[in-house]
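Examination of the molecular architecture
Chain by chain, the residues run as shown.
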Amino acid sequence: MGSVDASETTVTGWAARDATGHLSPYTYTLRKTGPEDVVLKVKYCGICHTDVHQVKNDLGASKYPMVPGHEVVGEVVEVGPEVSKFRAGDVVGVGVIVGCCRDCRPCKANVEQYCNKKIWSYNDVYTDGKPTQGGFASAMVVDQKFVVKIPAGLAPEQAAPLLCAGVTVYSPLKHFGLMTPGLRGGILGLGGVGHMGVKVAKSMGHHVTVISSSNKKRAEAMDDLGADAYLVSSDADQMAAAADSLDYIIDTVPVKHPLEPYLALLKMDGKLVLMGVIAEPLSFVSPMVMLGRKTITGSFIGSMDETEEVLQFCVDKGLTSQIEVVKMDYVNQAFERLERNDVRYRFVVDVGGSNIEDAACTCL
Ligand SMILES: NC(=O)C1=CN([C@@H]2O[C@H](COP(=O)(O)OP(=O)(O)OC[C@H]3O[C@@H](n4cnc5c(N)ncnc54)[C@H](OP(=O)(O)O)[C@@H]3O)[C@@H](O)[C@H]2O)C=CC1
Ligand SMILES: O=C/C=C/c1ccc(O)c(O)c1
Ligand SMILES: [Zn+2]
Ligand SMILES: [Zn+2]
């Protein structure tokens, strides 16, 4: 962390300044540590496709300067006086949200990710009026409710993708009653979220089919990730042969795509769970869901409770994410490679090992 005055700490993050999405060093201040706040020095931060959507203003609501990053693992360096769960030296994680109202139905049901007053970890405004900034930064201050302990047995860089990608697949499988061994699941789009989908679903005892836009990932999917079957979505014969075979599909495609080819793969009562953030209407004809009582639904990350659960689930099952660790000065190339589908399967930035405070003067 940088200089400290009576109330605020100066930190360096890597921010996008406009919709080109190019990140460069940016200096800003953290809020004064409140009674329930945890201050963490960032060690690692994963790059999610949502970060690409946000820096490039795909959703039309981006504000700049924007420091992205919501798969954040760090070390606690300070806690407020009312923090009981954490102490200095703990390795902790922060994900997509850092605030909620605590009073609405979702908050009271501990599914605070569905709170209409949730505060996003970046591209949002905190309760003090300051913009929120994410994990591609030397440090963050986060309310303890939105901080999780990284369990022993999980390397910090390994834990990073679980804080968004991991919990994003775990939550709907749990919520929709899809944890039963023997189910037949489909993972559409084998990227950061999708590869965690294969691993989590396999660990639940499912028969897992990857549905991909190309044949390029077939061997990796079957041999390294443990998928049971692999379909190329443009291969009409393969798709026809797999009709009526799946209990669910986790759809992670980040761009507009037809739904009917995938609805056809579902059995009666099958579920298509949309994960991709797509700001255009998707379409299907009604018989595709009526004839088979199929469901099209969506799911948004997971709760704080589920985040703790998926971390422990991964420890218990010996499950790891497949990551490429890079330094901060590679972040723009990593974003470009992610956008062109050239990563196996998640970039994780070694923020702590990148001397980002020193780079601040030279990289603008
Ligand atoms: N709902 C939620 O809570 C969350 C939503 N997201 C969203 O989920 C989506 C996926 O995120 P993430 O896994 O990080 O992204 P990745 O880019 O890592 O993976 C997406 C995968 O989709 C496939 N794909 C990519 N581009 C295309 C294309 N043009 N046409 C068809 N298929 C394509 C590719 O798989 P293949 O090569 O196999 O075709 C690619 O690997 C994003 O929109 C992200 O914002 C992310 C996290 C949480
Ligand atoms: O990667 C995590 C966030 C996902 C997300 C889902 C829906 C939405 O509208 C977003 O802006 C982000
Ligand atoms: Zn994410
Ligand atoms: Zn609420």
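The rules behind each value
Residues numbered from 1 in each chain as written. Chains lettered and ligands numbered in written order. Predicted model: local features only at pLDDT ≥ 70, side-chain atom pairs only at ≥ 80, totals over all residues. Heavy atoms only, no water. UniProt positions renumbered as here; feature names shortened; annotations may be inferred. Buried < 20%, exposed > 50% of the residue type's maximum accessible area, 1.4 Å probe, protein only. Helix = DSSP H or I, 4+ residues; strand = E, 2+ residues; numbered from the N terminus. Pairing = 2+ DSSP bridges. Core = buried A, V, L, I, M, F, W, Y, C linked by side-chain atoms within 4.5 Å. Contact = heavy atoms within 4.5 Å. Near = heavy atom within 4 Å. Polar contact = N/O pair within 3.5 Å; in protein donor to acceptor, adjacent residues only side chain to side chain. Areas by Shrake-Rupley, 256 points an atom, 1.4 Å probe, with all protein chains shown as cover. Nonpolar A, V, L, I, M, F, W, Y, C, P; charged D, E, K, R; others polar.

As annotated in an unreviewed UniProt entry, the protein chain carries the name cinnamyl-alcohol dehydrogenase and is attributed to Triticum turgidum subsp. durum. Comment text from UniProt for the protein chain, heading Cofactor (unreviewed entry), reads "Zn(2+)". On record in UniProt, under Sequence similarities (unreviewed entry), the comment for the protein chain is "Belongs to the zinc-containing alcohol dehydrogenase family."

**Quick word on the pairing of strand β8 (residues 139-143)**
With 5 of 5 residues buried, β8 is to be regarded as a mostly interior element. Because side chains alternate across β8, one face comprises the buried residues Ala139, Val141 and Asp143, and the other comprises Met140 and Val142, equally buried. In this sheet, β8 lies alongside strand β3 (residues 37-47) in antiparallel orientation, the contact comprising 5 bridges. Note that in β8 the partner of leucine 40 across the bridge is methionine 140.

**Brief notes about the nonpolar core**
Counting residues in each nonpolar core, the largest one holds 97 residues, and the members touching the most others are Ile47, Phe136 and Val200. Per-element tally for this core: the top contributor is β3, with 7 residues. Sequence-distant contacts of isoleucine 47, that is, excluding residues within four places in its chain, are made with Glu71, Phe136, Val331, Ala334, Phe335, Leu338, Arg346, Phe347 and Val349.

**Quick notes on the site of ligand 1**
Of all residues adjacent to ligand 1, which total 27 residues, the nearest are Thr50, Ser212, Ser213, Ile301 and Arg346. In the model, an oxygen atom of ligand 1 is placed 2.7 Å from a nitrogen or oxygen of the histidine 53 side chain. Within the side chain of asparagine 341, one N or O atom sits 2.9 Å away from an oxygen atom of ligand 1. Taken by itself ligand 1 offers 910 Å² of open surface, and the protein chains cover 88% of this. Elements with a contribution of two residues or more to the shell around ligand 1: α1 (49-55) and α5 (192-203). Looking at which element gives the most residues to the shell around ligand 1, the answer is α1, with 3 residues. Residue classes in the shell around ligand 1 are distributed as 12 nonpolar, 13 polar and 2 charged.

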